[in-house]
Amino acid sequence: MTVLPATDMFLNGRDYDLLIPRGMVNANELLEMGINTTLSSNNILNAFTPYSDASLVRMANMYANIAQLAKDKQIADVFNMITKNAAQLLSKQTEIALGAPATFVILEAKDAVETIRTNAQALAGFKNGKQTFCNDAARICFE
């Protein structure tokens with residue numbers, strides 16, 4: 001099951017003036033029931049999802065805020081929703097192995113939990129062993 005937090009938040013609860021409901025499924029609850037859950041976005045910058053930049057880390061961070069998740073285990077599960085669970089849903093390899101196609105993203109974070117909590121920046125991406133983008137890490141400049 002795939003949850004689309006940005007679309008759900010934009011479209012649901014539009015007929016409320018006060019106490020607007022979140023209008024989003026808590027994928028963590030479904031994960032606990034054994035359902036493979038993922039997070040994504042669709043048709044970015046359209047009538048249903050008029051905001052975003054296609055960052056799944058940003059989507060996961062937004063989802064965790066909306067679902068009011070705070071425990072490291074919950075946040076790690078959210079990270080898996082945009083990585084391992086999504087790969088499983090698409091029948092893609094989920095582990096790094098010698099000789100396997102090198103398709104991955106390098107993030108500016110020490111672990112999965114920090115990635116979601118800090119909305120970590122993607123520093124580089126590789127598809128089938130070839131670098132597809134680079135994005136220098138932010139740095140503080142002093143005069």
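Before any of the text, the structure's been laid out above.
Residues numbered from 1 in each chain as written. Predicted model: local features only at pLDDT ≥ 70, side-chain atom pairs only at ≥ 80, totals over all residues. Heavy atoms only, no water.

1. With respect to the pattern of salt bridges
- Taken as a whole, this structure holds 3 salt bridges when the rule is applied.
- A salt bridge links Arg-117 to Asp-72; the nearest nitrogen and oxygen atoms lie 2.8 Å apart. In this pair, Arg-117 sits in helix H6 (residues 112-118) while Asp-72 sits in helix H4 (residues 72-82), placing the two residues 45 residues apart along the sequence.
- When its relative accessible area of 42% is taken as the criterion, Arg-117 is described as partly exposed.
- Note that Asp-77 and Lys-73 form a salt bridge whose closest N and O atoms lie 2.9 Å from each other. With Asp-77 and Lys-73 both in helix H4 and 4 residues apart, this pair spans about one turn of that helix. (Salt bridge = Lys/Arg side-chain N within 4 Å of Asp/Glu carboxyl O. Helix = DSSP H or I, 4+ residues; strand = E, 2+ residues; numbered from the N terminus. Buried < 20%, exposed > 50% of the residue type's maximum accessible area, 1.4 Å probe, protein only.)

2. Quick look at the packing of aromatic side chains
- Applying the stated criterion across every chain, the model contains 2 aromatic pairs.
- Between the aromatic rings of Phe-10 and Tyr-51, the centroid separation amounts to 6.0 Å while the plane-to-plane angle is 75 degrees, which identifies the pairing as edge-to-face. Placement of Phe-10 in helix H1 (residues 5-11) and of Tyr-51 in the loop between strand E2 (38-39) and helix H3 (56-66) is noted, with a sequence separation of 41 residues between them.
- The cationic tip of Arg-14 hangs over the ring face of Phe-10; the distance from NZ or CZ to the ring centre is 4.7 Å. (Phe/Tyr/Trp six-rings, centres within 6.5 Å; stacked < 30°, edge-to-face > 60°. Lys NZ or Arg CZ within 6 Å of the ring centre and 35° of its normal.)

3. So, a nonpolar patch on the surface
- Together, Met-1, Val-25, Met-33 and Ile-35 line one region of the surface with nonpolar side chains, adding up to about 360 Å² of accessible area.
- Relative to the elements of secondary structure, Met-33 occurs in the loop between helix H2 (27-32) and E2.
- A relative accessible area of 61% places Met-33 in the exposed class. (Patch = residues over 30% accessible without salt bridge, like charges linked within 9 Å, V, L, I, M, F, W, Y side chains within 5 Å. Areas by Shrake-Rupley, 256 points an atom, 1.4 Å probe, with all protein chains shown as cover.)

4. With respect to unusual backbone geometry
- Located in the positive-phi region is Ser-52, a residue other than glycine, with phi close to 140 degrees.
- Mapping Ser-52 onto the fold places it in the loop between E2 and H3.
- Positive phi outside glycine occurs at Ser-91, with the angle close to 55 degrees.
- Locating Ser-91 in the fold gives a position in the loop between helix H5 (84-89) and strand E3 (104-107).
- The exposure class of Ser-91 is exposed, given its relative accessible area of 68%.

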